[in-house]
Amino acid sequence: MKETDPVGFVPGPGLPWIAGLSVLPFFLQFLGLGLSERLGQGLCGSALGISEAEAVRYGLVSEYYFYGQLFLILLSLKVTYALALMALRFMYPDRDPPFAPLVWRLGVGLSLTLLLLFLLTRTLPLPFSTPLGPALLAPAPLDPLSLIMVLPEPLLLWLFWRYRP
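Residues numbered from 1 in each chain as written. Predicted model: local features only at pLDDT ≥ 70, side-chain atom pairs only at ≥ 80, totals over all residues. Heavy atoms only, no water.

Draft legend 1. Highlighting the nonpolar core. The biggest cluster of nonpolar side chains holds 33 residues, and the ones touching the most others in it are Phe-9, Ile-18, Leu-43, Phe-71, Tyr-81, Leu-85 and Phe-160. Elements that contribute at least two residues to this core include exactly α1 (15–29), α5 (65–91), α6 (100–123), α7 (144–150) and α8 (152–162). Tyr-67, Leu-126, Phe-128 and Leu-137 belong to the second largest nonpolar core, which has five residues in total. (Core = buried A, V, L, I, M, F, W, Y, C linked by side-chain atoms within 4.5 Å. Buried < 20%, exposed > 50% of the residue type's maximum accessible area, 1.4 Å probe, protein only. Helix = DSSP H or I, 4+ residues; strand = E, 2+ residues; numbered from the N terminus.)

What follows is the structure, given as structure tokens:
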């Protein structure tokens, strides 16, 4: 590495890759709207595109609807994180901000949460509240789109590890 190369987490060469891989699952989720017959509905399932009130009114709430909303919120947080990273790149072009370790930990936490939540919802019975009391549902179905959406997470975690502040 030459002395003129940027060093650190925010000005480092891995930041565009980290931001791009953080945004990728959010945009891949939209494939579930048009290609749901072939690829499945993705991590968010039927939660994308309708409000909870509409889902209840028209009877579209499945047991997995609320887990889909949870994944939708998580994917939105990852997009917000990526946009904040790019804004930090413009604010601190040649050095790390003093709070870079906190920003790094937040990114690692979001990626680990997505990966662990995916593994938990696809392997363990899911708790769900019914009018008769709590119930356990079968694990969420594993469709190709949700698998494609989660595949970049190990690479993203490796990039976080490589460019840690």
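Draft legend 2. Summary view of the packing of α1 against α5. It is the contact of α1 with α5, at a shortest axis distance of 9 Å, that shows an interaxial angle of 150°. Judged by the angle between their axes, α1 and α5 are roughly antiparallel. Considering only the axes of α1 and α5, their crossing is left-handed. Taken together, the residues of α5 that come into contact with α1 (itself represented by Leu-15, Pro-16, Ile-18, Ala-19, Ser-22, Val-23, Pro-25, Phe-26 and Gln-29) are Leu-75, Ser-76, Lys-78, Val-79, Tyr-81, Ala-82, Leu-85, Met-86 and Arg-89. Grouping the amino acids of the contact of α1 with α5 by side-chain chemistry returns 13 nonpolar, three polar and two charged. (Axes fitted to C-alpha atoms, helices over the stretch in contact; angles between N-to-C directions. Parallel < 35°, antiparallel > 145°, perpendicular 65-115°, else oblique. Left-handed = near helix turned anticlockwise from the far one by under 90°. Contact = heavy atoms within 4.5 Å. Nonpolar A, V, L, I, M, F, W, Y, C, P; charged D, E, K, R; others polar.)

Draft legend 3. Representation of the packing of α6 against α8 in the model. In the contact formed by α6 and α8, the axes pass within 10 Å of each other and the chain directions differ by 160°. When the interaxial angle is binned, α6 and α8 end up roughly antiparallel. As α6 runs across α8, the sense of the crossing is left-handed. On the side of α6, the interface is formed by Trp-104, Gly-107, Val-108, Ser-111, Leu-112, Leu-114 and Leu-115, while α8 contributes Glu-153, Leu-156, Leu-157, Phe-160 and Trp-161. Counted by class, the contact of α6 with α8 contains nine nonpolar, two polar and one charged residues.

Draft legend 4. Looking closely at the packing of aromatic side chains. All chains considered together, the criterion is met by five aromatic pairs. Arg-164 extends its terminal NZ or CZ atom over the ring of Trp-161, reaching a point 3.9 Å from the ring centre. (Phe/Tyr/Trp six-rings, centres within 6.5 Å; stacked < 30°, edge-to-face > 60°. Lys NZ or Arg CZ within 6 Å of the ring centre and 35° of its normal.)

Draft legend 5. Seen up close, the pairing of strand β1 (residues 126–130). Sheet topology places β1 next to strand β2 (residues 133–137); five bridges connect them, and they run antiparallel. Bridged to Thr-130 within β2 is Gly-133. Between β1 and β2, which pair antiparallel in sequence order, lie two residues. (Pairing = 2+ DSSP bridges.)

Draft legend 6. Inspection of a nonpolar patch on the surface at higher detail. Residues Phe-27, Phe-30 and Leu-33 make up a contiguous nonpolar surface patch of about 320 Å² in total accessible area. Looking at where Phe-30 falls in the secondary structure, it is placed in the loop between α1 and α2 (31–34). According to the relative accessible area criterion, Phe-30 is partly exposed, its value standing at 38%. (Patch = residues over 30% accessible without salt bridge, like charges linked within 9 Å, V, L, I, M, F, W, Y side chains within 5 Å. Areas by Shrake-Rupley, 256 points an atom, 1.4 Å probe, with all protein chains shown as cover. Salt bridge = Lys/Arg side-chain N within 4 Å of Asp/Glu carboxyl O.)

Draft legend 7. Local environment of α1. Look at α1: 23 Å from first C-alpha to last across 15 residues, which is about the 21 Å you get at 1.5 Å a residue. Along α1, the helix axis deviates most sharply at Val-23, where the bend reaches about 30°; the proline Pro-25 sits within four residues downstream. Within the sequence span of α1, burial applies to Leu-15, Ile-18, Ala-19, Leu-21, Ser-22, Val-23, Pro-25, Phe-26, Leu-28 and Gln-29. Packed against the buried residues of α1 are α2, α5, α7 and α8. (Expected span 1.5 Å × (residues − 1). Bend = angle between axes of the 7 residues up to and from the residue.)

Draft legend 8. Region of interest: the pattern of salt bridges. Per the stated rule, a full pass over the model turns up one salt bridge. Residues Glu-153 and Lys-78 are paired through a salt bridge, measuring 3.3 Å at the closest nitrogen-oxygen approach. Taken together, the residues Glu-153 in helix α8 and Lys-78 in helix α5 connect sequence positions 75 residues apart. With a relative accessible area of 2%, Lys-78 lands in the buried category.

Everything listed here is a matter of geometry and, on its own, says nothing about what the molecule does.
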